[in-house]
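Residues per chain, in single letters:
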Amino acid sequence: MISLGIEGTAWNLSVGIVNDQKILSHQQHPYQPSDGGIHPREASQHHSDKIAKIIKKTVSNANIQPQQIDLISFSLGPGMGPCLRVIATAARALTLTLEKPLVGVNHCIAHIESGKWSTGLDDPIILYVSGANSQVLGYKSKRYRVFGETLDIGLGNALDKFARKLNLNHPGGPKIEKLAKKGEKLIELPYSVKGMDFSFSGLVTAAEKKLQRGEKKEDICYSLQEYSFSMLTEVAERALAHSGKKELLLCGGVGKNQRLKQMLKEMSLEYQIKFGYPKKELMGDNGAMIAHTAIKMYESGIEHSPGIEVKTDYRTDEVEVKWRE
Ligand code: ATP
Ligand code: FE2
């Protein structure tokens, strides 16, 4: 089955075409904010300007004719309303023109399913850390259950926010990682794990205060990473212990960070946990993850009408995972 998926919940507009075995083509066009953070309306304008071109390019790179596509899919949510509505419109138009079925995919589930596909992990605890989301999940009885999550902002957004204080543009995470490598001193910051949940906004505020007091930016970036990644590792470790699962999957844009991977790897080694993460191009938001998840959903009997509404606050545990035993 050949499946085309459209992703564009926030900053990255991307289209992927996959079959049951592999990615046939994958194209993206990230929106770069002129200054500050992501402006939803500007981002949606970017998506509507570029989407037709990206779809055409993805199809031609896959070396197929549009009629060979068997399934159309898009990110139904969570995400920014104006952005979601643009990609939904494009997906509806494709479905109606090509007369092919449509599936609306939960963006977070797509990170999980494509992560499993890419790593070969079967039943992992999932640490999903992106701009807007930070969750620890595990599958049980037809749902990806949320074991722990951020009580305020996602870690990626927290890092991006601090990066803006350093006059670094979006995305800030990779720039903080670079600065952190030059950090030498661990500066005390709030460590906020509450039960199985964590929070990051206090951490950013504290980091901003350290900056005002003249601490070196490299040391603050280093400390920000050490504190926030330790919090994630602690909760992931506890989820593994409670659930008895023997695998750990890291996904979402923040998962590109080498130091986070290293911490999780060390913890996994200690407890003999199989640790995996997708290839870099599948780590952040991408259309291939939507296209892949759509095949699983469609084969389990899920199909949506072109009238389906986007869901800006679509939660991971809202979705009945019909495609798993
Ligand atoms: P979602 O809709 O799932 O929240 P997203 O729109 O935030 O996704 P992703 O590509 O999953 O998109 O993640 C982007 C985030 O990842 C940004 O906040 C960015 O700063 C962060 N990020 C990217 N690379 C790194 C890195 N090397 N270290 C830390 N953070 C990173
Ligand atoms: Fe994402």
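Residues numbered from 1 in each chain as written. Chains lettered and ligands numbered in written order. Predicted model: local features only at pLDDT ≥ 70, side-chain atom pairs only at ≥ 80, totals over all residues. Heavy atoms only, no water.

Draft legend 1. Highlighting the overall build of the protein chain. Of regular secondary structure, the protein chain possesses ten helices and twelve strands. Taking the principal axes of its C-alpha atoms as reference, the protein chain extends roughly 60 × 45 × 30 Å. Out of the 325 residues in the protein chain, the part that is buried amounts to 56%. Of all intrachain contacts in the protein chain linking residues separated by at least 6 positions in sequence, the fraction that spans at least 24 positions is 76%. Total accessible area computed for the protein chain in this model is approximately 14,100 Å², and 48% of it derives from carbon and sulfur atoms. (Helix = DSSP H or I, 4+ residues; strand = E, 2+ residues; numbered from the N terminus. Buried < 20%, exposed > 50% of the residue type's maximum accessible area, 1.4 Å probe, protein only. Contact = heavy atoms within 4.5 Å. Areas by Shrake-Rupley, 256 points an atom, 1.4 Å probe, with all protein chains shown as cover.)

Draft legend 2. Expanded view of unusual backbone geometry. Between glycine 77 and the following residue, proline 78, the backbone shows a cis peptide bond with an omega angle of -5°. Checked against the element boundaries, proline 78 lands in the loop between strand 4 (71-77) and helix 2 (81-98). With omega at -5°, the peptide bond leading from histidine 170 into proline 171 counts as cis. A positive phi angle, near 55°, is found at glutamate 99, a position not held by glycine. Tracing the chain through its elements places glutamate 99 in the loop between helix 2 and strand 5 (102-106). For asparagine 167, which is not a glycine, the phi torsion comes out positive at approximately 65°. Structurally, the position occupied by asparagine 167 is in the loop between helix 4 (155-165) and helix 5 (173-180).

Draft legend 3. Structural detail: the coordination of the iron ion (ligand 2). Looking at the iron ion (ligand 2), one finds its protein donor set to be His107 (NE2), His111 (NE2) and Asp285 (OD), positioned 1.9 to 2.2 Å from the metal centre. Mapping the donors of the iron ion (ligand 2) onto the primary sequence yields the spacing H-x3-H-x173-D. With histidine 111 in helix 3 (residues 107-119) and aspartate 285 in the loop between helix 9 (280-283) and helix 10 (287-299), this residue pair connects regions lying 174 residues apart in the sequence. (Donors = N, O, S within 2.8 Å, 3.2 Å for Na, K, Ca; no water.)

Draft legend 4. Region of the structure containing the sheet that holds strand 8 (residues 143-149). In spatial order, the strands read 8-7-6-11-12; together these five strands make up an open sheet with mixed pairing. Strand pairing shows two members of the sheet lacking a second neighbour, strand 8 and strand 12 (274-276), which therefore form its edges. Within this sheet the neighbouring strands show an average axis-to-axis angle of 25°, counted without direction. Pairing of strand 7 (residues 134-140) with strand 8, which is carried by six bridges, proceeds in the antiparallel orientation. Looking across to strand 8, one finds that leucine 137 is bridged to valine 146. Running over the sheet, helix 7 (residues 217-243) touches strand 6 (125-129), strand 7, strand 8 and strand 11 (247-251) and is turned about 160° from strand 6. (Pairing = 2+ DSSP bridges. Axes fitted to C-alpha atoms, helices over the stretch in contact; angles between N-to-C directions.)

Draft legend 5. Representation of the domain arrangement of the protein chain in the model. Domain annotation of the protein chain identifies domain 1 (3-110 + 282-318) and domain 2 (121-280). The C-alpha centroid of domain 2 is placed 26 Å from the C-alpha centroid of domain 1. Domain 1 puts 16 residues into the contact, and the matching count from domain 2 is 22 residues. For the pair domain 1 and domain 2, the summed buried area comes to about 1,500 Å², and 59% of that belongs to carbon and sulfur atoms. (Domains from an automatic or database assignment. Buried area = accessible area lost by both parts, 1.4 Å probe.)

Draft legend 6. Focus on the sheet that holds strand 2 (residues 12-18). Pairing in this open sheet of five strands is mixed, and the strands run 3-2-1-4-5 from one edge to the other. A single partner strand is all that each edge strand has here, and the edge strands are strand 3 (23-30) and strand 5. On average, adjacent strands in this sheet sit at an angle of 20° to one another, irrespective of strand direction. Where helix 1 (residues 40-61) meets the sheet, its contacts fall on strand 1 (3-7), strand 2 and strand 3, and the angle it forms with strand 3 comes to roughly 160°. Strand contacts of helix 2: strand 1, strand 2, strand 4 and strand 5, with the helix running at about 160° to strand 4, the strand carrying the most contacts.

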